[in-house]
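Descriptive analysis of the structure
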Amino acid sequence: MPNTSQIQIPKGVFDPETFLGQVGTGKTVEKYAKNHKIFSQGDVADAVFFIQKGKVKITVLSEHGKEAVVGIFAPGQFFGEGCLLGEESRSTTSQAMEECLITSITKPAMLAALGAEPKFSAFFIAYLLSRNSRIEDDLIDQLFNSSERRLARLLLLLANFGKEGGAPVPVTLSQETLAEMIGTTRSRVSFFMNKFRKKGFIDYNGKIEVHRSLLDAVLHEKPQIDDDE
């Protein structure tokens, strides 16, 4: 059920993250259980979502019935913003990977906030620029790096290295999903995961704990083209 508690903002002061964390006109804050769908492919696109807590998986289903993971979103990220560009129906499906707390903002409320609050507009534009840079990095990664290096980079991104300090960070994704996201086979992912574990880069027992040593290894290696698939 939507969280109906409200946070009071002092008059004349606007904080984007506080705004996204409160209920208001056109905004709800809702908890989603693990595996709960937030929206499905084909649904009406009428809101933007902001993740306060948890992770969300974005998938797409082809006309032949094949499902592919196209993104994993974490706290502090938006998704579903295609409606702002005129998208009438959802082209993807979003699903909670763990218990999530998510703010839903209707399209009219989002447009009104972007027009009325310069700080929020700057906050959202900064997010979009960062995401665009990430998409470019992902494309370069797919074109020029080996599947082993792509897997290492994906694990570091999922573990939010640079934000969580140096302690091991748990990642809960199946090898099939990891394989889909880096464009290789499950058997290759299994081989690389065992290799990373033997080198002490990760611990892997049901969930993946990513160590800083994996980041150090990636930083000290040069990108390479490798036809290992």
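For the coordinates displayed, the defined rule picks out eleven aromatic pairs. A connected cluster of aromatic rings, assembled from ring pairs, spans Phe50, Phe78, Phe123, Phe124 and Tyr127. Over the face of the ring belonging to phenylalanine 19 we find lysine 27, whose NZ or CZ atom lies 4.0 Å from the ring centre. Above the face of the phenylalanine 39 ring, arginine 90 is positioned so that its terminal group lies 4.3 Å from the ring centre.

A side chain of one charge can pair with a side chain of the opposite charge when the charged atoms of the two come close. As enumerated under the stated definition, the model contains five salt bridges in all. With its nearest N and O atoms 2.2 Å apart, the salt bridge here joins glutamate 81 to arginine 131. Here glutamate 81, found in the loop between strand 7 (78-79) and strand 8 (93-96), pairs with arginine 131, found in helix 3 (residues 118-144); they are 50 residues apart in sequence, far enough to count as distant. Residue arginine 131 is classed as partly exposed on the basis of its relative accessible area of 25%. Close ionic contact of arginine 186 with glutamate 176 constitutes a salt bridge, the shortest N to O distance being 3.2 Å. Of the two residues, arginine 186 sits in helix 6 (residues 186-198) while glutamate 176 sits in helix 5 (residues 175-182), which places them ten residues apart along the sequence.

Turning to the environment of arginine 150, a few remarks are in order. Locating arginine 150 in the fold gives a position in helix 4 (residues 147-158). By relative accessible area, which is 4% here, arginine 150 ends up buried. Separated by 32 residues in the primary sequence, arginine 150 and isoleucine 182 have C-alpha atoms spaced 6.1 Å apart.

What follows deals with the confidence of the model for the chain. Across the chain, the average pLDDT comes to 82, with 85% of residues at or above 70. Below a pLDDT of 50 lies the segment residues 1-12, which in the model reaches 17 contacts outside its immediate sequence neighbourhood of four places, other chains included. Note on residues 222-229: pLDDT is under 50 here. Beyond four places in sequence and across chains, it has 17 contacts.

You can see glutamate 67 is positioned in strand 6 (residues 67-73). Glutamate 67 sits in the partly exposed class, given a relative accessible area of 46%. A sequence separation of 113 residues divides glutamate 67 from glutamate 180, and the C-alpha atoms of the two residues are 9.3 Å apart. Setting aside anything within four residues of it in sequence, one finds glutamate 67 in contact with Thr59, Val60, Leu61 and Glu180.

Each value, and the rule that gives it
- Residues numbered from 1 in each chain as written.
- Predicted model: local features only at pLDDT ≥ 70, side-chain atom pairs only at ≥ 80, totals over all residues.
- Heavy atoms only, no water.
- Phe/Tyr/Trp six-rings, centres within 6.5 Å; stacked < 30°, edge-to-face > 60°.
- Lys NZ or Arg CZ within 6 Å of the ring centre and 35° of its normal.
- Salt bridge = Lys/Arg side-chain N within 4 Å of Asp/Glu carboxyl O.
- Helix = DSSP H or I, 4+ residues; strand = E, 2+ residues; numbered from the N terminus.
- Buried < 20%, exposed > 50% of the residue type's maximum accessible area, 1.4 Å probe, protein only.
- pLDDT = per-residue confidence, 0-100.
- Contact = heavy atoms within 4.5 Å.

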